[in-house]
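Here is what each chain is made of, one letter per residue.
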Amino acid sequence: MIDQRLLRNNPALIEEGLKSRGMKIDLGPLQKYCKELKELEEKRNLLQAQGNSIGKEVGQKIKQGFSQKSEEISNLRIKGNQIKKQVGLIEEEEKSITKKLNEQILCLPNLPEEDSLQGESEKDNKEIRRWGNPISGDHLKEHWEIANQLKLWDSERSSLIAKSRFVTLFNQAAKLERSLINFMLDLHVKKGYLEVLPPALVNTASLTGSGQLPKFAEESFKCADDDLWLTPTAEVPLTSLHRGEIIPSELLPLKYVAYSPCFRREAGSYGRDTRGLIRLHQFNKVELYFFSNPDKSKEALEQITLDAESVLQELELPYRVIQLCSGDLGFSAKKTYDLEVWLPGANAYREISSCSNCGDFQARRSQIRTKDNNKKNILLHTLNGSGLAIGRTMAAILENGQQSDGSINLPKALIPYFGSSKLKPE
RNA sequence: GGAGAGGUGGCUGAGUGGUUGAAAGCGGCUCCCUGCUAAGGAGUUACAGGAGGUAACUUCUGUCGAGGGUUCGAAUCCCUCCCUCUCCGCCA
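Asks: Describe in detail the pattern of salt bridges, supporting the description with residues and values.
Replies: Where charged atoms of side chains with opposite charge meet at close range, the side chains can pair. Tallied over the full model, the rule gives 16 salt bridges. Note that K38 is salt-bridged to E41, the shortest N-O span being 3.5 Å. Of this pair, K38 and E41 both sit in helix α3 (residues 28–64), 3 residues apart, which is roughly one turn of that helix. K285 is the salt-bridge partner of E287, the closest N and O atoms lying 2.7 Å from each other.

Asks: Just give me the short version of the sheet that holds strand β9 (residues 348–357), but keep the residues and values in it.
Replies: The strand order across the open sheet built from 8 strands is β1-β7-β8-β9-β12-β6-β5-β2, with neighbouring strands paired in mixed fashion. Each having just a single partner strand, β1 (126–131) and β2 (194–196) make up the two edges of the open sheet. For this sheet, the mean inter-axis angle between neighbouring strands, taken without regard to orientation, is 25 degrees. Relative to strand β7 (residues 319–323), β1 is paired through 5 bridges, and the arrangement is antiparallel. Within the sheet, the bridge partner assigned to K126 lies in β7 and is Q323. Contacting β2, β5 (254–263), β6 (282–292) and β12 (381–389), helix α7 (residues 171–190) crosses the sheet at an angle of about 10 degrees to β6. Along the sheet, helix α10 (residues 297–314) contacts β1, β6, β7, β8 (335–343), β9 and β12; its crossing angle with β12, the most-contacted strand, is approximately 10 degrees.

Asks: Could you give an account of the pairing of β8, naming the residues involved and the relevant values?
Replies: Within a regular strand, the side chains alternate between the two sheet faces. Judged by how many residues are buried, β8 sits mostly within the fold: 9 of 9 residues are covered. In this structure, β7 lies alongside β8, joined through 5 bridges in antiparallel fashion. Considered in β8, the bridge of Q323 is made with Y337. For β8 and β9, the ladder comprises 9 bridges, and the chain directions are antiparallel. Paired with T336 across the two strands is S356, which belongs to β9. Turn length for the β8-β9 hairpin, with the two strands adjacent in sequence and antiparallel, is 4 residues, and the turn residue N347 shows positive phi of about 55 degrees.

Calculation rules
Residues numbered from 1 in each chain as written. Chains lettered and ligands numbered in written order. Predicted model: local features only at pLDDT ≥ 70, side-chain atom pairs only at ≥ 80, totals over all residues. Heavy atoms only, no water. Salt bridge = Lys/Arg side-chain N within 4 Å of Asp/Glu carboxyl O. Helix = DSSP H or I, 4+ residues; strand = E, 2+ residues; numbered from the N terminus. Pairing = 2+ DSSP bridges. Axes fitted to C-alpha atoms, helices over the stretch in contact; angles between N-to-C directions. Contact = heavy atoms within 4.5 Å. Buried < 20%, exposed > 50% of the residue type's maximum accessible area, 1.4 Å probe, protein only.

In short, geometric facts, not functional conclusions.
Structure follows, in structure tokens:
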């Protein structure tokens, strides 16, 4: 969420930030709401102070022996009632303005980092570095072709069970999925992350806190009879892990790693990536998360990105690191690096991880704070990164490890988890 | 899902309408005493937000699970919800 103080005092700065995301927005009305709210609050505090002193006065008078029915006391009562009415009116007004304000302010995205990479879209993103030696050739198959030959999964049966864009893994693929989850969790725990297994269902407050609601309701699956949604990413429960807390600065950064299934409706992507493991309604993901001191979050983003990269390196998968330009940033992000893995069958790099510094955006929505050097409460910064998306990792392993005999060579790091160095035709 | 009990400051726990933001104890902090430690003594100590001040601080508001209500005044009375514990039912 955008800082209301900034909105009151320096809306031009916000407009500039939003413009670099390609948004043109008149903040005038919002600014007006904020100012009105501030004035109403001051007015209400004043009245409440008066009301409080009347209450005290009545108490004192009664102690002195005045009767409940004496004129002095009934006069005070009348005065108190008047004040109460006025306060009630102000509160109603505050509520209605707050509602209007929230409808809009909760839909404003985060502002890009001050010295951010400017650009309109994907085409303006910048490659930061590459790793590994990508293989290529016309004979190389896409991962769903490999899957068919090795009988790794079955999409028709998945439609029978659920619908399209779900997958049911069999045999070697099921085990490989499980191996990848364990491998990634172990790797990150070794680097100092605390392992968490959060609920897969989250409430509306959690989704609002991390930025998915209210704007992207159509992207998540909602339970009909409860205030619960299927989590679209472990970023949501991890943010809410500390919602409303003030975390002592000496405990920061808090580093978490969580495995979770992720559920996305993928509304509006009907034609895209219909085959294979790239775009599904349900997929598994291992997520990295930082609660950071505000002045350390820039370094933290580099760290979380390196930690995500280390998974690809251990798995011997070539990749590149892309910095997203301002126009391509996600809703909650200030700065983002995407990791793109090489898929030789598709002859392309595909996103497999997204590492973002959200600054105080989610922290403000979720009221997660820490103390600064003067022991003042300040919002902390949150960061998240996939480490990694499991399905896409499996696709990359299949495509990169394919051999002419139809088998798949697995990365050495997986052998202890999978129990074999190859996927073999049945 | 049903029945009962409960949710108070960092912790334990008292408080059922009136200067109660809240007794007491523990813990924390400061000072004193003491060769060191232990013990002892004196004092101090909730949190959040706003306004003012460079600051120490001053001041206002709110907060006793959450949200409403009654009242001049609510931790205390009423309603709704959430959570915890015990028992029963169901279930992996």
